[in-house]
Amino acid sequence: MRPTGLPDAIRHWIGGTLLDSADGRTFEVADPVSNTAYARAAAGGAADVDRAVAAARAAFPAWSRLSNRARATVLHRVADAIEARHEQLAEFESFDSGLPITQARGQARRAAENFRYFADVIVALGEEAFRQGEEQISYVVRSPAGVAGLITPWNTPFMLESWKLAPALAAGCTLVLKPAEWTPLSASLWPDIFAEAGVPAGVVNIVHGIGEEAGQALVDHPEVPLISFTGSTDTGRHIIRSSAQHLKTTSMELGGKSPVVVFADADLDEALDSVLFGVFSLNGERCTAGSRVLVERPVYEEFARRLAERAAAIRVGPPSDPATEVGALVHPEHYARVMHYVDLGRKEGRLLAGGTRPEHLSGGNYLQPTVFADVSRDARIFQEEIFGPVVAVAPFDTEDEAIDLANATQFGLAAYIWTSNLSRGHRIAHAVESGMLWINSHNVRDLRTPFGGVKASGVGREGGAHSIDFYTESKIVHVALGHVHTPRFGARS
Ligand code: NAD
């Protein structure tokens, strides 16, 4: 269903003005149900990024000098403006990305919450002081790092944009955002939201475009000292290499292949609900998806069978239908990639559910949630991020084997552990190489906690004070309180 109010052109937003690309180029944007273009978006290049960075630099002195309280007030108004557009935002997001509408609504709420949360963080934030007896005191001064470059992916686009915009603005940075080219629609709502909230022109600038052009120009720009990137591991590696030229600070939130470890003593009903939601919500296009399910041998067959039964019963359908649990995958290219993994899986594992498009959906990027059992550790569907509704299941016999299997990929973003033996739960949580772990729970976030991954899943942490650390530079000022002893070089007496 086409939402009302769809724009037919999506433009850059630079210095408070909607603009076409300097060279007039555009690209087509399609929805994942009809796979036909509904709009054209401006295709940014180096000249557009230059204009955006200049606008952000011009806006920096005034914005960065506002008190934390004043910026927090503006951030709360941004949250109000998001909430006022809640339904339109969810409809746009669902239409453009294929996320089920009920889940898109949840993401829209989270976007507003991110602004409220970082408004509160910045007001509560203190700075540290260190006293060395009566000799000297040292204190930290934080200042915003400058013009931030934000580059975001197409899964939950608006929410992930807000996850970077809110702390960057709270910290006093001005910025240039480059949204993902497959899903630029919801970002077209930001200009009105920021204008309504009274964010001064030039504080936020948005340049649309292809990653290798607009994104790369932002990464290469000498006046953008920091890049916050969320996306695939390969692109992250490339951005780190490019950033080295200007020694930029980077934050990398990258891919995952997160394990769920289910012991026989777990509450298996709860574990099953959690596994299903963890890997099939957001169409499986979720960085923290529990896409490898490791099950202790005595309950393995039964758990795999129940998982498959439930997966086969999941309602796949139009993203706009409130009954839909899994919608359409974002883009035909991504759909083909996921289907390629499904074909591989037929050779590498035992297909228990899904594997094909549901019969009632002849067009659109739909896949019935897919379960492969008996997947070995060197299988590609065990090792590689599929980023779709596909799960690999494997048995284990001992705690050590569970840890070994959990750690057997290049990734380390999230891990989920199900057991009624809490000592074991903690032991495993400490042994699994992962930035975030949940014991007997699913992906419930607390915005104060560090978010990020180890190994190929990322570099650095965002969330809470970690985000503010990223967007600010800390300076230490040392002051003598009394006499500070100095060796007297050259003094002869
Ligand atoms: P992607 O790496 O293809 O693209 C991400 C963004 O980078 C897009 O805006 C793209 O235009 C841009 N880009 C591409 N090439 C670039 C370049 N050379 N220079 C600068 N920018 C460039 O990723 P995607 O396919 O959009 O997103 C899916 C990936 O994101 C998955 O791997 C997923 O796990 C990951 N992800 C991670 C997290 C996390 O928090 N760890 C969250 C969501 C998604």
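Note that the coordinates shown come from a computational prediction; the quantities given were computed from them, not determined experimentally.

A. Inspection of the pattern of salt bridges at higher detail. Inspection of the entire model under this criterion finds 28 salt bridges. Residues Glu83 and Arg116 are paired through a salt bridge, measuring 2.8 Å at the closest nitrogen-oxygen approach. Pair noted here: Glu83 is in helix α2 (residues 68-84) and Arg116 is in helix α4 (residues 101-124), with a separation of 33 residues, a long-range link. With its nearest N and O atoms 2.6 Å apart, the salt bridge here joins Arg306 to Asp269. Note that Arg306 is positioned in helix α10 (residues 297-313) and Asp269 in helix α9 (residues 268-280), a separation of 37 residues in sequence. A residue is classified by how much of its surface remains accessible, and Arg306, at 22% relative accessible area, is partly exposed. Each of Asp23, Arg25 and Glu213 takes part in one network of salt bridges that share partners.

B. Main features of the site of the ligand. The local shell around the ligand holds 29 residues, among which Thr152, Lys178, Glu181, Leu254 and Glu385 are the closest. Here Gly231 contributes a backbone N or O atom positioned 3.3 Å from an oxygen atom of the ligand. Here an oxygen atom of the ligand sits 2.6 Å away from a polar atom, N or O, in the side chain of Glu385. Here the ligand, which alone exposes 860 Å², has 91% of that area covered by the protein. If you list the elements that add at least two residues to the shell around the ligand, you get α7 (211-220), β11 (226-230) and α8 (233-243).

C. Representation of the sheet that holds strand β13 (residues 259-262) in the model. The seven strands lie next to each other as β15-β16-β17-β14-β13-β18-β19, forming an open sheet whose pairing is mixed. Because the sheet does not close on itself, it has two edges, and the strands there are β15 (350-353) and β19 (436-439). Adjacent strand axes in the sheet meet at a mean angle of 20 degrees, parallel and antiparallel pairs treated alike. As judged from the three bridges shared by β13 and strand β18 (residues 414-418), these two strands associate in the parallel manner. For Val262, the partnering residue across the bridge sits in β18 and is Trp418. Relative to strand β17 (residues 390-396), α9 is tilted by about 140 degrees, and along the sheet it contacts β13, β14 (292-296), β16 (370-373), β17 and β18.

D. How the structure looks around the domain arrangement of the chain. Looking at the chain, the domain boundaries give domain 1 (9-254 + 457-477) and domain 2 (259-439). Taking only C-alpha atoms into account, the centre of domain 1 sits 31 Å from that of domain 2. In this complex, domain 1 contributes 22 residues to the contact, which on the side of domain 2 involves 31 residues. With both sides pooled, the region where domain 1 packs onto domain 2 buries about 2,000 Å², and carbon together with sulfur makes up 58% of that total. Per-residue buried area on domain 1 facing domain 2 is highest for Trp154, Trp182 and Ser457; these three make up 27% of the total on that side. Put simply, domain 1 and domain 2 have zero salt bridges between them. Joining domain 1 to domain 2, the criterion identifies 13 residue pairs in polar contact (both at pLDDT 80 or more).

E. Region of the structure containing the packing of aromatic side chains. Following the criterion strictly, the structure yields 14 aromatic pairs and no others. Seen from their ring centres, Trp154 and Phe387 are 5.3 Å apart, and the 75 degrees between their planes marks the pair as edge-to-face. Taken together, the residues span a long stretch of sequence, with Trp154 in the loop between β8 (147-151) and α5 (157-171) and Phe387 in the loop between α12 (380-383) and β17 at a distance of 233 residues. Relative accessible area serves as the criterion here: at 14%, Trp154 is assigned to the buried category. Geometrically, the ring pair formed by Phe263 and Phe396 is edge-to-face, given 5.1 Å between the ring centres and 75 degrees between the ring planes. Of the two residues, Phe263 sits in the loop between β13 and α9 while Phe396 sits in strand β17, which places them 133 residues apart along the sequence. With a relative accessible area of 0%, Phe263 lands in the buried category. Taking NZ or CZ as reference, Arg110 lies 5.5 Å from the ring centre of Trp163, over its face.

F. Local environment of the environment of Pro144. The topology assignment puts Pro144 in strand β7 (residues 136-144). Between the C-alpha atoms of Pro144 and Leu169, which are 25 residues apart in sequence, the distance is 9.2 Å. Those residues in contact with Pro144 that lie beyond four places of it in its chain are Phe60, Ser64, Ala171, Gly172, Cys173, Tyr471 and Thr472.

G. Structural view of the sheet that holds strand β6 (residues 129-132). Read from one edge of the open sheet, three strands run β6-β7-β21, paired in antiparallel fashion. Both edges of this open sheet fall to β6 and β21 (472-480), since each of them pairs with a single strand only. Neighbour-to-neighbour, the strand axes of the sheet open up by a mean angle of 20 degrees, direction not taken into account. Where β6 lies against β7, four bridges are found, and the strand directions are antiparallel. Counterpart to Arg131 in the pairing with β7 is Ile137.

H. Local environment of the packing of α7 against α8. Remark: α7 packs on α8, axes separated minimally by 9 Å, with the N-to-C direction vectors making an angle of 40 degrees. For the pair α7 and α8, the sense of crossing is right-handed. Touching Gln216, Val219 and Asp220 of α7 are His238, Ile239, Ser242 and Ser243, all from α8.

I. Focus on the side chain of Gln136. Mapping Gln136 onto the fold places it in strand β7. A relative accessible area of 18% places Gln136 in the buried class. Residue contacts for Gln136: discarding those within four places in its chain leaves Phe130, Arg131, His478, Val479, Ala480, Leu481 and Val484.

J. Main features of unusual backbone geometry. One non-glycine residue, Thr156, lies in positive phi territory at about 40 degrees. Structurally, Thr156 can be placed in the loop between β8 and α5.

K. Representation of the pairing of β7. Between β6 and β7, which follow one another and run antiparallel, lie three residues, and Gly133 among them has a positive phi close to 50 degrees. In this structure, β7 lies alongside β21, joined through nine bridges in antiparallel fashion. Each residue of the ladder has a partner; that of Pro144, found in β21, is Thr472.

L. Fine view of the packing of α2 against α4. Interaxial distance between α2 and α4 falls to 8 Å at its minimum, and their mutual angle equals 170 degrees. By the angle class used here, α2 and α4 are roughly antiparallel. On α4, the residues touching Asn68, Arg69, Arg71, Ala72, Leu75, His76, Val78, Ala79, Asp80, Ile82 and Glu83 of α2 are Ala108, Ala111, Ala112, Phe115, Arg116, Phe118, Ala119, Asp120, Ile122 and Val123. Class assignment for the residues of the contact of α2 with α4 results in 13 nonpolar, two polar and six charged.

Each value, and the rule that gives it
Residues numbered from 1 in each chain as written. Predicted model: local features only at pLDDT ≥ 70, side-chain atom pairs only at ≥ 80, totals over all residues. Heavy atoms only, no water. Salt bridge = Lys/Arg side-chain N within 4 Å of Asp/Glu carboxyl O. Helix = DSSP H or I, 4+ residues; strand = E, 2+ residues; numbered from the N terminus. Buried < 20%, exposed > 50% of the residue type's maximum accessible area, 1.4 Å probe, protein only. Near = heavy atom within 4 Å. Polar contact = N/O pair within 3.5 Å; in protein donor to acceptor, adjacent residues only side chain to side chain. Areas by Shrake-Rupley, 256 points an atom, 1.4 Å probe, with all protein chains shown as cover. Pairing = 2+ DSSP bridges. Axes fitted to C-alpha atoms, helices over the stretch in contact; angles between N-to-C directions. Contact = heavy atoms within 4.5 Å. Domains from an automatic or database assignment. Buried area = accessible area lost by both parts, 1.4 Å probe. Phe/Tyr/Trp six-rings, centres within 6.5 Å; stacked < 30°, edge-to-face > 60°. Lys NZ or Arg CZ within 6 Å of the ring centre and 35° of its normal. Left-handed = near helix turned anticlockwise from the far one by under 90°. Parallel < 35°, antiparallel > 145°, perpendicular 65-115°, else oblique. Nonpolar A, V, L, I, M, F, W, Y, C, P; charged D, E, K, R; others polar.

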